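Next come the chains, spelled out residue by residue.
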Amino acid sequence: MPEVFRFYGFSFFFYSKEHEPLHIHVEGNGGMAKFIWNGAEFELFEKQGIKANDYKKITKVIGENADIIVKRWKEYFEK
């Protein structure tokens, strides 16, 4: 399971046998979420147990690092 990075106690990662569309999983602090790339930005697809304050932090990290997430996905899955 390739971890892209960690912020605020959350792991941002892909599963090693992922599928399209490009997306990122986030887990930590008793919650999880999944964000899907729409070609311009990541949009929330699923969220469970993430507090509002943590959600704000997560979306900020994803927004500021979207280019890194997309690059890492392509490096890992488009070999």
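These remarks concern the structure in this document. This is a predicted model, so every value here is computed, not measured.

Here's the deal with the environment of Glu3
So, step 1. Mapped onto the elements, Glu3 comes out in strand 1 (residues 3-7).
So, step 2. Taking the C-alpha atoms as reference points, Glu3 and Phe13, 10 residues apart in sequence, are found 4.2 Å from one another.
So, step 3. Here Glu3 is in contact with Ser11, Phe12, Phe13 and Arg72, once residues within four sequence places are set aside.
So, step 4. A polar contact is formed between the side chain of Glu3 and the side chain of Arg6, at a distance of 3.1 Å.

Points about the pairing of strand 1
So, step 1. Bridge count for strand 1 against strand 2 (residues 10-13) is 4 bridges, and the pairing is antiparallel. Note that in strand 2 the partner of Glu3 across the bridge is Phe13.
So, step 2. Taking the residues between adjacent antiparallel strands as the criterion, strand 1 and strand 2 are bridged by 2 residues, where Tyr8 takes a positive phi near 50°.

Focus: unusual backbone geometry
So, step 1. For the bond from Glu20 to Pro21, the omega torsion is 0°, close enough to zero to count as cis.
So, step 2. Look at Tyr8: it is not a glycine, yet its phi comes out positive at around 50°.
So, step 3. On the secondary structure map, Tyr8 appears in the loop between strand 1 and strand 2.
So, step 4. The phi torsion at Asn29 lies on the positive side, around 50°, for a residue other than glycine.

Structural notes on the environment of Phe5
So, step 1. With respect to the helices and strands, the residue Phe5 is situated in strand 1.
So, step 2. Each C-alpha atom of the pair Phe5 and Met32 lies 15 Å from the other, and the pair is 27 residues apart in sequence.
So, step 3. Every residue in contact with Phe5, bar those within four places of it in the chain, is listed here: Phe10, Ser11, Phe12, Val61, Asn65, Ile68 and Ile69.

Examining the pairing of strand 2
So, step 1. Going residue by residue along strand 2, you find Phe10 and Phe12 tucked away on one face and Ser11 and Phe13 tucked away on the opposite face as well.
So, step 2. Pairing analysis gives 3 bridges linking strand 2 to strand 3 (residues 23-28), with the strands arranged antiparallel. If you follow Ser11 over to strand 3, its bridge partner there is Glu27.

Definitions and limits used
Residues numbered from 1 in each chain as written. Predicted model: local features only at pLDDT ≥ 70, side-chain atom pairs only at ≥ 80, totals over all residues. Heavy atoms only, no water. Helix = DSSP H or I, 4+ residues; strand = E, 2+ residues; numbered from the N terminus. Contact = heavy atoms within 4.5 Å. Polar contact = N/O pair within 3.5 Å; in protein donor to acceptor, adjacent residues only side chain to side chain. Pairing = 2+ DSSP bridges. Buried < 20%, exposed > 50% of the residue type's maximum accessible area, 1.4 Å probe, protein only.

Distances and angles like these do not, on their own, reveal function.
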